[in-house]
Structure formats: C-alpha cells, structure tokens
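For reference, the chains in residue letters:
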Amino acid sequence: MMTESSIVQSFPSQNTTLKKKNKVMDPPDDFEAFSKAVSGFGVDEDTMILILGKWHSEQLRSFRKRTPQFFSEDECLFERLDDNQIGFWTKEFLRFKNAVVQWTMHPWERDARLAHEAITKGPESFGLLIEIACTRSSEELLGVRKAYQSLFNQSIEDVISRIQCIERKLLVALVSSYRYEGVQVNDSTARSEARTLGTAIRTSNKKNLIEEDKIVRMLTIRSKLHLKAVVKFYKELYGRDIYKDLESEMRLKETIQCLCNPQTYFSKVLIDALKDDADDDTKEALTRVIVTRNNVDMKEIGEEFNKQYGVPLSRKIEEVALGNYKDFLVSLIDRINENPSEIPITGSSTEGDASG
C-alpha cells in the first residue's frame, strides 16, 4: 500500500506547478479555463489556484456576470450560486479525498462500508453486493462480514434478510458463502448443472430465476472453477454463450460474470463510469474498482479493458478525469504496470488479517 509520503511524492508541489504556469491570461480566458477546471470528473486544482489566486473583486464580479450556468440573479437582483452547482462542485472536490480514504482503509473495512452504503441506497445498488460477494476470496468475504459486525453492530446477513426485494434469497446466500477454493472439479456434475441451468432459463415462464432454490444453491456453494466449467459446458450443450441467454436476468448475469469472468465484468463497469452521460453512482465505480482491485487483478483488468475498448485504461482516465483525482488513479495503475512483481497475489496480501 502506498504510504502518505509516496502519495505526496506522486504529485508536483504547488510552487513548482505555479512556476511552470506563469502565463497571465486575459479575464475571458480565465473564465473559460476556470469553468473547464470545475466541470468534469474531479477538479483541476492547479488551474483553479493559478486563476483564483490573482483575481480581485472586479474579476470575481465579472465572472459571476459572465457565467449564467453557475450564477443567476433572483427577484431581488441578488447574484447567487446555483444550489445544484454547489452540490456538484462539492462532490467533484471530494473525489480525490474519497479515493485516498478508500485506498488507505483495510480492505475488509472498505468493503464493509461499501456494502453498507449499497444496502442503504436500495435495490439499484445491489449489484455492488453481488460484486463484493462474488469477486472476493472466501477468507476476504469472511473478513468483510467480521468488519461489518464490528462497524455496524449487526450481521450483514441479518440486514439483507430483512430487505423486501426479489434478490434477497440470492444476496443472503452469496454473502454467507464460504466456497471451496481448490482445483478439483467434477465434470459430470458441472455438465449436469449446466443442463439444469439451461432448462431453467428456457422454462422459467417469467419466474425470476434468482428465486429458484436449485440455482441459488449452485451459485453459492460451488467453487469458482466448478462454475467456470458449468459455463463452458453450457456453451457446448446449447451452442450459445450463457450471458446472451441472461440478458433479461441482470442480477443472475452479474453473479455468474463476477464469479467466472471478473476482468470482463470490471472492464464494463469502468467504461460505463467513464462515459460522458454516466450518473453519479456509475461514476463512483471508477474509484471503487481501481482501489479495490489494485492489489488483486488490476493488471489483468487493464489488459481486458484495452482489448475490449481499444484504449489503455490510464489514457482513458487522463482524457476524462481532472486534477489530483486523475493523477492519483493513474499513479495506482502505473505502479502495477511498472512493478507487477510487487503486487501481492489475492488471498496472500499482508492486508488479509484483522490486524492489518
């Protein structure tokens, strides 16, 4: 994990940056540059300091007049900053802080807090619970459950069991799971379960598949290697990729993909977060994925992202994000590409005990 000093060293000092940017802009150029600095994914702190540090009251007054997207006059001719804009700026300023806070947390605490937030937000965020339950090792998931109890004085299983939603049975079983992680796979059983899954998909009669006991049991007790074999046999039996047959079963599709092909799943989460029209919850996934997968499989996720979307992940982030937030995320990705041997294998990280 990066220390406080290494985080600081990743960025140029304020004095160095300001010396490099000693060009004096005309006010209209300042206004445009400032607007751009606060209108994206994160904020461009250096540009803001450069501009605001030299503005006097007349420049500030002119800026308010010339930026109706930010300021407007009310019925009393009082210039006020739009409330939505205040919220937007606050959120964008916090992106860097939130990324650093998540990075420095013990992984168990981080996942427990993310899970609690997802439960609080409701059904639209339950995909994050699936992500945590299905992409962590058995020991890591057990640690998350312990951390949740310590932080919130109740078990995550109990909290989810009281949620009124169709995903409840699947979610409780997933977060309670402790999977076999060895290499043994019974091909005969895997083929039989692939046929069971195919039959259920084709005869569901509009019943939600994640409510079927036999499917929930399969997805929550079988090892990930076993389930990969099920997916392989499904394609052999039906001549189709199982994910194509689950387009109308989003939670089931997410579960199988997180268990069997997490790099593809995370690549899709990242590209969605980096789209111009992404909503707030979708954007938050950029921080989450890079921070939580950094010591696990971020290199493989980056390779899959490049393969799927034809652009390196770090370059895409540089195109979309701003300021210290951008620099921090790129630094986390670059450290893996430059020193892959220093990244611990999942399950063997020094973070993998409660004393971390």
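Higher on the page you've got the structure.
It should be emphasised that the depicted structure is a prediction, and the values quoted were computed from it without experimental measurement. Here the residue numbering is sequential within each chain, running from 1 through the sequence in written order. At least 70 in pLDDT is required for a residue's local features to be given in this predicted model, at least 80 for side-chain atom pairs to be given and counted, and no such filter applies to totals for whole chains, interfaces and linings, which use all residues. For side-chain calculations, the full set of non-hydrogen atoms in the structure is used, while hydrogens and water are omitted.

**Q** Give me the lowdown on the overall build of the protein chain, citing residues and values where you can.
**A** Regarding its fold elements, the protein chain presents 20 helices and two strands. Three labels apply to residues, based on accessible area from a 1.4 Å probe with only protein chains included: buried if under 20% of the type maximum, exposed if over 50%, partly exposed otherwise in between. Per-residue burial for the protein chain yields a buried fraction of 46% across its 356 residues. Exposure was quantified through the Shrake-Rupley algorithm and a 1.4 Å probe, taking into account, for residues, occlusion by the shown protein chains and nothing else. By element, 49% of the accessible surface of the protein chain is carried by carbon and sulfur atoms, the whole surface being about 18600 Å². Each helix is a run of H or I in the DSSP string that is no shorter than four residues. Each strand is a run of E no shorter than two, and both are numbered from the N terminus.

**Q** Describe a negative patch on the surface, listing the residues and the values that go with them.
**A** Without a salt bridge and with relative accessible area above 30%, a residue can belong to a patch; like charges are then joined within 9 Å and nonpolar side chains (Val, Leu, Ile, Met, Phe, Trp, Tyr) within 5 Å. Each reported salt bridge corresponds to a side-chain nitrogen of Lys or Arg within 4 Å of a carboxyl oxygen of Asp or Glu. Only four residue types enter the charge count, namely Lys and Arg as positive and Asp and Glu as negative; His and the chain termini do not. Charge placement uses NZ in Lys and CZ in Arg. For Asp and Glu, CG and CD serve respectively. A contiguous patch of negative charge on the surface is contributed by Glu-124, Asp-276, Asp-277 and Asp-279. Here Asp-277 shows up in the loop between helix 16 (262–273) and helix 17 (280–292). Judged by relative accessible area, Asp-277 falls into the exposed class, the value being 68%.

**Q** Lay out the nonpolar core in plain terms, naming residues and giving numbers.
**A** Inside soluble globular proteins, nonpolar side chains tend to come together where they are buried. Here, nonpolar core refers to any group of buried Ala, Val, Leu, Ile, Met, Phe, Trp, Tyr and Cys residues whose side-chain atoms link them within 4.5 Å. With 81 residues, the main nonpolar core has Ile-242, Ile-256, Leu-270, Leu-286, Ile-290 and Ile-317 as its most contacted residues. When neighbours within four sequence positions are excluded, Ile-317 is seen to be in contact with Leu-274, Leu-286, Ile-290, Lys-326, Leu-329, Val-330 and Ile-333. Counting residues in each nonpolar core, the second largest holds 13 residues, with Ala-33, Ala-37, Trp-55 and Trp-89 among its members. Note on contacts: a residue pair is in contact if any heavy atoms of the two residues lie within 4.5 Å.

**Q** Account for the environment of Glu-92, naming residues and giving values.
**A** One can find Glu-92 in helix 6 (residues 83–104). Given a relative accessible area of 1%, Glu-92 falls into the buried group. Of note is the side chain of Glu-92, whose polar atom sits 2.6 Å from the backbone nitrogen of Gly-42. Looking at Glu-92, its side chain comes within polar contact range of the side chain of Arg-95, at 2.8 Å. Counted as a polar contact is a pair of N or O atoms within 3.5 Å, where, for protein atoms, one must be capable of donating a hydrogen and the other of accepting one, and residues adjacent in sequence contribute only when both atoms are in side chains.

**Q** Give me the lowdown on the environment of Arg-179, citing residues and values where you can.
**A** Assignment of secondary structure puts Arg-179 in the loop between helix 11 (168–175) and helix 12 (187–202). You can call Arg-179 buried: its relative accessible area is 7%. Remark: the alpha-carbon pair of Arg-179 and Thr-220, spanning 41 residues in sequence, is separated by 7.6 Å. Among all residues touching Arg-179, those that are not within four sequence positions of it are Ser-138, Leu-174, Leu-219, Thr-220, Ile-221, Arg-222, Lys-224, Leu-227 and Leu-259.

**Q** Would you mind going over the pattern of salt bridges in detail, with residue names and values included?
**A** According to the stated counting rule, one finds 28 salt bridges in the structure shown. Residues Glu-79 and Arg-64 are paired through a salt bridge, measuring 3.0 Å at the closest nitrogen-oxygen approach. Remark: Arg-64 occurs in helix 5 (residues 57–66) and Glu-79 occurs in strand 2 (residues 79–81); sequence separation between them is 15 residues. Its relative accessible area of 28% is what places Arg-64 among the partly exposed residues. Where Asp-281 meets Lys-121, a salt bridge forms, and the shortest distance between an N and an O atom there is 2.9 Å. Here the residue Asp-281 occupies a position in helix 17, and Lys-121 occupies one in helix 7 (residues 107–121), the gap between them amounting to 160 residues. Owing to a relative accessible area of 39%, Lys-121 belongs among the partly exposed residues under this scheme. Several salt bridges converge on common partners, so that one network encompasses Arg-64, Lys-65, Glu-73 and Glu-79.

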